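# Observations on chain architecture
Listed here are the chains, written in short residue letters.
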Amino acid sequence: MANQISNAIENALIHYETSEMGQKHEKRVKELSTLWELNKTLLTTVNFERILHLTLTAITIGEGLKFNRAMLFLVNEKDHILEGTMAVGPDSAEEGGRVWAARSQKKEILSDLITQLCPQGHSTLNAIVKGIQIPLEQDQCILSRTVLEGRPFNTQFPQLKEGWLQIRCERGCHLGSEVGCYVSEHLSRDPRVYSFATVPLMGKGKVIGVILVDNLFNQNPITEEDIHFLSMFANQAGLAIENAILYRNLEEVHQELKETQSFLVHLEKMVALGEMSTTIAHEIKNPLTSIGGFARRLDRAIPEESQEKKYSQTIVKEVCRLEKILNDLLSYTRDESLALKKLDPRDILEESLSMVQEGTLWGGIQLVREFAEEVPRVLGDPLQLKQAFFNLINNACQAMSEFLPDRQAGTRTMKAKGILSLRVHPFSKNGSSYIKVEVEDTGKGIDPENLPNIFNPFYSTKESSLGLGLPIVHKIITSHRGQIEVDNHPGTGVRFIVTIPSSEKGKGNRINGS
Amino acid sequence: MKRILVVDDEESIRFLYKEELEEEGFVVECAKNGEEALEMLSVFKPDLVSLDIKMPVMDGIEALKRIREKERQLPIILCSAYGEYKQDLTTWASDAYVVKCADLTNFKSTIRKLLGLS
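Scope of this entry: the structure provided in the associated data block. Nothing here was measured: the structure is a model prediction, and the numbers come from that model. (Residues numbered from 1 in each chain as written. Chains lettered and ligands numbered in written order. Predicted model: local features only at pLDDT ≥ 70, side-chain atom pairs only at ≥ 80, totals over all residues. Heavy atoms only, no water.)

Turning our eyes to something else, we now look at the overall build of chain A. Secondary structure summary: chain A contains 13 helices and 14 strands in total. Looking at the 514 residues of chain A, the share that counts as buried comes to 42%. Sequence separation of 24 or more characterises 69% of the internal contacts of chain A that already satisfy a separation of 6 or more. (Helix = DSSP H or I, 4+ residues; strand = E, 2+ residues; numbered from the N terminus. Buried < 20%, exposed > 50% of the residue type's maximum accessible area, 1.4 Å probe, protein only. Contact = heavy atoms within 4.5 Å.)

For the rest of this paragraph, the subject is the overall build of chain B. Counting its secondary structure elements, chain B contains four helices and five strands. Here chain B holds 118 residues, and the buried ones make up 53% of them. Total accessible area on chain B is roughly 5,600 Å²; 46% of this is exposed by carbon and sulfur atoms. (Areas by Shrake-Rupley, 256 points an atom, 1.4 Å probe, with all protein chains shown as cover.)

Let's shift gears to unusual backbone geometry. Located in the positive-phi region is A:His80, a residue other than glycine, with phi close to 55°. Among the structural elements, A:His80 can be located in the loop between strand S1 (69-76) and strand S2 (81-88).

Residues and elements named next belong to chain B. Pairing is parallel across the open sheet formed by five strands, whose spatial order is S2-S1-S3-S4-S5. The open sheet has two free edges, formed respectively by strand S2 (27-31) and strand S5 (96-99), since each of these has just one partner strand. Strand-to-strand, the axes of this sheet are offset by a mean angle of 20°, without reference to chain direction. Pairing of strand S1 (residues 3-7) with S2, which is carried by five bridges, proceeds in the parallel orientation. Each bridged residue has a counterpart across the sheet, and for Val 7 the counterpart in S2 is Ala 31. Each of S1, S2 and strand S3 (48-52) is contacted by helix H2 (residues 34-44), which is oriented at about 145° to S2, the strand it contacts most. (Pairing = 2+ DSSP bridges. Axes fitted to C-alpha atoms, helices over the stretch in contact; angles between N-to-C directions.)

It is worth spelling out the packing of helix H1 (residues 2-42) of chain A against helix H2 (residues 48-60) of chain A at this point. Residues and elements named next belong to chain A. The geometry of H1 relative to H2 is characterised by a closest axis approach of 9 Å and an angle of 165° between their N-to-C directions. The angle between H1 and H2 places the two elements in the roughly antiparallel class. Along this stretch, H1 crosses H2, giving a crossing that reads as right-handed. Taken together, the residues of H2 that come into contact with H1 (itself represented by Leu 38, Thr 41 and Leu 42) are Ile 51, Leu 54, Thr 55 and Ala 58. Here the residues of the contact of H1 with H2 are counted per class, giving five nonpolar, two polar and no charged. (Parallel < 35°, antiparallel > 145°, perpendicular 65-115°, else oblique. Left-handed = near helix turned anticlockwise from the far one by under 90°. Nonpolar A, V, L, I, M, F, W, Y, C, P; charged D, E, K, R; others polar.)

Let us look at the packing of aromatic side chains. Under the criterion given, the structure shown has three aromatic pairs over all chains. Ring geometry for A:Phe294 versus B:Phe15: centroids 5.0 Å apart, planes at 40°, classification tilted. Highlighted residues: A:Phe294 in helix H9 (residues 224-301) and B:Phe15 in helix H1 (residues 11-23), drawn from two different chains. A residue is classified by how much of its surface remains accessible, and A:Phe294, at 22% relative accessible area, is partly exposed. (Phe/Tyr/Trp six-rings, centres within 6.5 Å; stacked < 30°, edge-to-face > 60°.)

Take the pairing of S3(B) next. Each regular strand displays side chains that alternate between the two surfaces of the sheet. Residue and element names in this part refer to chain B. For S3, a buried count of five out of five residues is recorded, marking the element as mostly surrounded by other parts of the structure. Here S1 runs beside S3; their pairing, made up of four bridges, is parallel. Across the sheet, the residue bridging to Val 7 is Leu 51, located in S3. Note that S3 and strand S4 (residues 76-80) share four bridges and pair parallel. By the bridge assignment for S4, Ser 50 is matched with Ile 77.

Right, let's get into the pattern of salt bridges. Applying the stated criterion across every chain, the model contains 31 salt bridges over all chains. A salt bridge links A:Asp487 to A:Arg495; its shortest N-O distance comes to 2.7 Å. Taken together, the shared-partner salt bridges connect A:Arg297, A:Arg300, B:Glu19, B:Glu20, B:Glu23, B:Glu24, B:Lys108 and B:Arg112 into one network. (Salt bridge = Lys/Arg side-chain N within 4 Å of Asp/Glu carboxyl O.)

This brings us to the sheet that holds strand S5 (residues 196-202) of chain A. Residue and element names in this part refer to chain A. Spatial ordering of the open sheet is given by S3-S2-S1-S6-S5-S4, a layout of six strands whose pairing is antiparallel. Edge positions in the sheet fall to strand S3 (133-135) and strand S4 (153-155), since each has one partner strand and no second. Within the sheet, the average angular offset between the axes of one strand and its neighbour, ignoring direction, is 25°. Relative to strand S6 (residues 207-214), S5 runs antiparallel, the two being bridged by six bridges. Within S6, the residue paired with Ala 197 across the bridge is Val 213. Across the sheet, H9 lies against S1, S4, S5 and S6, angled at about 40° from S5, the strand it touches most.

What follows covers the packing of H9(A) against H1(B). Helix-helix packing is characterised by the crossing angle of the two axes and by the distance between the axes. With their axes 9 Å apart at the nearest point, H9(A) and H1(B) run at an angle of 35° to one another. Both H9(A) and H1(B) take part in a crossing whose hand is left-handed. Taking contact as the criterion, the partners of A:Asn286, A:Thr289, A:Ser290, A:Gly293, A:Phe294, A:Arg297 and A:Arg300 in H9(A) are, on H1(B), B:Ser12, B:Ile13, B:Phe15, B:Leu16, B:Glu19, B:Glu20 and B:Glu23. Its residues assigned to classes, the contact of H9(A) with H1(B) comprises four nonpolar, five polar and five charged.

Further remarks concern the pairing of S6(A). All names here are of chain A. With eight of its eight residues buried, S6 lies for the most part within the structure. Where S1 and S6 come together, six bridges link them in antiparallel fashion. Residue pairing for S6: Met 71 is matched across the bridge by Leu 212.

Glancing now at helix H4 (residues 105-114) of chain B. All names here are of chain B. Along H4, the residues that are buried comprise Phe 107, Lys 108, Thr 110 and Ile 111. Looking straight down H4, one finds that the buried residues subtend no more than 160° of arc, so they occupy a single side. Of the exposed residues in H4, those oriented more than 90 degrees away from the buried face are Thr 105 and Lys 113. Buried residues along H4 sit in contact with S1, H1, S3, S4 and S5. At the exit of H4 stands Gly 116, carrying a positive phi of roughly 65°. (Arc of directions from axis to C-beta.)

Another point: the interface of chain A and chain B. With 27 residues of chain A at the interface, the matching set in chain B holds 22 residues. Buried area between chain A and chain B, both sides added, is near 2,300 Å², and the carbon and sulfur share of it is 56%. By the criterion of area lost to chain B, the three top residues of chain A are A:His282, A:Asn286 and A:Arg297, representing 25% of everything that side buries. In this structure, the salt-bridge partner of B:Glu19 is A:Arg297, at a minimum N-O distance of 3.5 Å. The interface formed by chain A and chain B includes eight residue pairs in polar contact (both at pLDDT 80 or more). Within the residue set of the side of chain A that touches chain B, elements represented by two or more residues are H9, helix H10 (308-333), helix H12 (382-399) and helix H13 (469-479) of chain A. For the side of chain A that touches chain B, the leading source of residues is H9(A), giving 15 residues. The class makeup of the residues in the side of chain A that touches chain B is nine nonpolar, ten polar and eight charged. (Buried area = accessible area lost by both parts, 1.4 Å probe. Polar contact = N/O pair within 3.5 Å; in protein donor to acceptor, adjacent residues only side chain to side chain.)

What follows is the structure, given as structure tokens:
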């Protein structure tokens, strides 16, 4: 009897163990088949954004890993930080309820279901995660520790009302420190009761990121089995993401190559155009000189009061215009070497100014000079720099001028009015000394539509201009290893800021010898 | 009266310069290229030479070198359609560089300055 009872108990135990083992196996098979389904979906694309979204959707979907929310952070090796890249999950329990209820009614194959779900880049969670940047330093945060230690963390915070700050440090992350816990601060409504888990995202032999999951809305505890399952999936997802990153880099390089190629083609055209226009301009200039020269002789011979005076004056004026266009063209297209000298930028500016003042534009323009008392020399070509600043000042004067009809004479006369400010100041950056020259006017400013093109050759908004004034300035300044910037205020004026390296070493506000 | 030799391959330019400079009271002779200019140098004995750069047979730069071998002190103006950036040429051989343009004020004042007339 006793034997039979013991046999029966033994049988019952064996039956229990077998059925438990069966259940375990069944669960494992289900897990593996889910994993296989999820991996299959990852192979459907090499698009970076799509892969990330598929990964996070697989983690949150009920038929997948069933977490409420999933967030992905990728390692930025260059800046040594962890950057929030994407998040999937509802913004509230209500929204989650709606989404999950709607989804449970459709019975579809897992891989199809995931691929049907489109990225929702506008969710609040996604925006929060995208704004998170965490230094990749030991003990900074659980997220950085996940990367550095290459292992998962399952962080369950006890729901204590008092003393929670001390307890939260138990995992080694400085949650109570000044830096604060990036995770709980940003992702939980109440940092004291936030539980979450992190797993490293493995690429080929290195950690490329972190996946963070939580069950914020249903508060289901995250078990070690869940973590194990998530880790298995994260290994596969890591490889897929790494491939997508490589593919994206390849595409970027390809795009760069395409841009470089089209730039080179453009450059070649410009060189050909430059050579051609130099030859043509040169050939036209000689006859133009004699036409203009003889027109002037005729003009001098014609009495003031005669009707023919207007004709001769028109020829003289138009030849002047043509000569200016040809000079611009020749100075833009010719590859001139620099005749470098040590120069005081204030002197150059004064010379450019006197060139403009000789012209007719000056009229009612008020000049304001703000020159620093001590300005280091620059190594530059005096003629080229004089030309560059002349063009800038001349443009400024033109911007403050307009044609006004003169009813008595029946003609239009040019009137100029405004303030021209010229500033020269030294400054230093990264131990190098620079000169900053500003030319500012109170004219109409530049139409924002035209702003991107102002340094492009042959782009002009003026009636009688070839569009080479500012391109010449740009060419001269960049050949002096300088930079030119525009501070544009449509309707009220424009400020051109030229920066040129000084020939003198040391601090920008000192003059070292002459 | 100061004598000026105008060297240019363009007939209209030679004509214009001659007219303008004669009006200023100079004695002017013209040459079509560098070679002709060298030949005329000993005959005409100019006080100043205006040299175009781009010319057939012998260009202005070559002519400048050859003239300098003979006449070290003779004022020479290089005169070209190219922009004023080329001025660095003057540092080694010529006395001035003038960009060709219809307004000859600058050309004439440069000549007067080099001849010590202004």
